[in-house]
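Geometric and topological summary
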Amino acid sequence: MEENQATQVSLPRLGDKAPDFDAVTTHGNLKLDDFKGSWIILFSHPADFTPVCTTEFIAFAEIFPDLQKRGVELLGLSVDSLSSHIAWARNVEEKTGVKIPFPIIADLSKEVSLAYGMVHPGQSKTETVRCVFIIDDKQVIRTILYYPLSTGRNMQEILRIVDALQMTDANGVATPANWNPGDKVIVPAPNTQEGAEERVKQPDYECVDWYLCKKQL
Amino acid sequence: MPCINPEGKPTETGKKVLQALRDNGLCSAEKVAEVTGVALFRVRSGLRDMVEAELVELVEDKYNITEKGIKLIE
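Residues numbered from 1 in each chain as written. Chains lettered and ligands numbered in written order. Predicted model: local features only at pLDDT ≥ 70, side-chain atom pairs only at ≥ 80, totals over all residues. Heavy atoms only, no water.

**Some points on the overall build of chain B**
A tally of helices and strands in chain B yields 4 helices and 2 strands. The helix and strand sequence of chain B, counted from the amino end, reads α-α-α-β-β-α. Computed over its C-alpha atoms, the radius of gyration of chain B comes to 10 Å, within 12% of the 11 Å expected for a compact globule of 74 residues. Across its three principal axes, chain B shows a C-alpha extent of roughly 25 × 20 × 20 Å. Relative to its 74 residues, chain B shows a buried fraction of 43%. Taking the intrachain contacts of chain B between residues at least 6 apart in sequence as the baseline, contacts between residues at least 24 apart amount to 45%. Of the roughly 4100 Å² of accessible surface on chain B, a fraction of 46% belongs to carbon and sulfur atoms. Of the charged side chains in chain B, 11 are positive and 13 negative, and the gap between their average positions amounts to 5 Å. (Helix = DSSP H or I, 4+ residues; strand = E, 2+ residues; numbered from the N terminus. Rg over C-alpha atoms; globule rule 2.2 N^0.38 Å. Buried < 20%, exposed > 50% of the residue type's maximum accessible area, 1.4 Å probe, protein only. Contact = heavy atoms within 4.5 Å. Areas by Shrake-Rupley, 256 points an atom, 1.4 Å probe, with all protein chains shown as cover. Lys, Arg positive; Asp, Glu negative; His and termini not counted. Charge placed at Lys NZ, Arg CZ, Asp CG, Glu CD.)

**Some details on the sheet that holds strand E10 (residues 212-215) of chain A**
All names here are of chain A. The sheet built from 3 strands is open, its strands ordered E8-E10-E9 with antiparallel pairing. For this open sheet the edge positions go to strand E8 (185-187) and strand E9 (206-209), each flanked by a neighbour on one side alone. Neighbour to neighbour, the strand axes of the sheet diverge by 30° on average, direction disregarded. Two strands pair when backbone bridges link them, and E9 and E10 are joined in this way by 3 bridges, in the antiparallel orientation. Bridge pairing in E10 links Cys207 to Cys213. (Pairing = 2+ DSSP bridges. Axes fitted to C-alpha atoms, helices over the stretch in contact; angles between N-to-C directions.)

**Remarks on the domain arrangement of chain A**
Parsing chain A into structural domains produces domain 1 (2-153) and domain 2 (172-215). With centres defined by C-alpha atoms, the gap from domain 1 of chain A to domain 2 of chain A works out at 36 Å. (Domains from an automatic or database assignment.)

**Side note on the pairing of strand E7 (residues 141-147) of chain A**
Bridging between strand E6 (residues 130-135) of chain A and E7(A) involves 6 bridges; their strand directions are antiparallel. Across the sheet, the residue bridging to Ile134(A) is Thr143(A), located in E7(A).

**Considerations on the nonpolar core**
All names here are of chain A. In this structure, Ile41, Phe60, Leu74, Ile100, Phe102 and Ile134 are the most contacted members of the largest nonpolar core, which totals 31 residues. Those residues in contact with Ile41 that lie beyond four places of it in its chain are Leu67, Val72, Glu73, Leu74, Leu75, Val132, Phe133, Ile134, Ile158 and Val162. In terms of nonpolar packing, the next biggest core, distinct from the first, is built from 20 residues, Leu30, Tyr116, Met118 and Phe133 among them. (Core = buried A, V, L, I, M, F, W, Y, C linked by side-chain atoms within 4.5 Å.)

**Points about the pattern of salt bridges**
Residues and elements named next belong to chain A. Per the stated rule, a full pass over the model turns up 16 salt bridges over all chains. In this structure, Glu56 engages Arg130 in a salt bridge whose closest nitrogen and oxygen atoms are separated by 2.8 Å. Of this pair, Glu56 sits in helix H2 (residues 51-69) while Arg130 sits in strand E6, and the two are 74 residues apart along the sequence. Considered together, Glu56 and Arg130 belong to a single accessibility category, that of buried residues. Here Glu94 makes a salt bridge to Lys95, at a shortest N to O gap of 3.8 Å. You'll find Glu94 and Lys95 in the same group, each marked exposed. Salt bridges here are not isolated pairs; linked through shared partners, they connect Glu56, Arg130 and Arg153. (Salt bridge = Lys/Arg side-chain N within 4 Å of Asp/Glu carboxyl O.)

**Overview of the side chain of Asp48(A)**
Residues and elements named next belong to chain A. Among the structural elements, Asp48 can be located in the loop between strand E3 (39-44) and H2. Buried charge without a salt bridge: Asp48, with Arg130 as the nearest opposite-charge side chain at an N-O distance of 9.9 Å. A distance of 2.8 Å separates polar atoms of two side chains, one belonging to Asp48 and the other to His45. A distance of 2.7 Å separates the side chain of Asp48 from the side chain of His85, its partner in a polar contact. (Polar contact = N/O pair within 3.5 Å; in protein donor to acceptor, adjacent residues only side chain to side chain.)

**Some details on H2(A)**
Residue and element names in this part refer to chain A. Look at H2: 29 Å from first C-alpha to last across 19 residues, which is about the 27 Å you get at 1.5 Å a residue. The sharpest bend along H2 measures roughly 40° and falls at Ile63, with the proline Pro65 sitting one to four residues further on. If you check which residues of H2 are buried, you get Cys53, Thr54, Glu56, Phe57, Ile58, Ala59, Phe60, Ala61, Ile63, Phe64 and Leu67. Where H2 is buried, its residues touch E3, strand E4 (72-78), helix H3 (82-96), strand E5 (104-106), E6 and helix H5 (155-171). A positive phi of about 75° marks Gly71, the residue just after H2. (Expected span 1.5 Å × (residues − 1). Bend = angle between axes of the 7 residues up to and from the residue.)

Below you can see the structure in the form of structure tokens.
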């Protein structure tokens, strides 16, 4: 029994290849491979027709155009049925005027949610918690966020993480605490004595010391 | 299926994909997405379903509309 439970709990880690799936969604059957070449935000919610989830879906729909500009597709998931997802999306549009433009996985079998470690029995044995998986265009997991059932997600933080990941990939730098687009970025620390001596003399870097230097991109 | 409804008829997205293949000949999924403005993941999923329904055929890594597919959008 314990062994069975252990095999059911899968927690993918950063840098892992995202687990494959072949899922029923509100936009038809979708496989992870269908998203090849795009970044994906795969997120789970506890249940359709619930208040916090409804505010989150509206908020995800609102940042959808910003994500599209960044080459990111959105994909929702819960263990509700396809009919429930369709009815809920229609209800959100009818009551708030916000159309849900992204697909939602109907994971009744929990196949996808278990593969991604979205069910946390300490929170709920039946529902998925609020997970966010940011998966890059090579289908590697780059960020995982978990929020409890009672706390709605912060969309600006999700956008900020996407910006930081895409910017650091493109420029080989890192981002300091509370970084936002346009702020100075961190230059990787040198790994030799000579490099450290040269680093502090760099005129265009703002250095606290050799290991902590920032520059404007 | 995103491109074929339960009655076996193409949805609006399905029609766009079939028309793109009819008008442009042999196309990659990427080309269909570019021509139709439909998201690439939806095109890939729809093409998979339409190959299964024999509305489209896969020729190496590109897609071609079949006679059955042409009849459906006439």
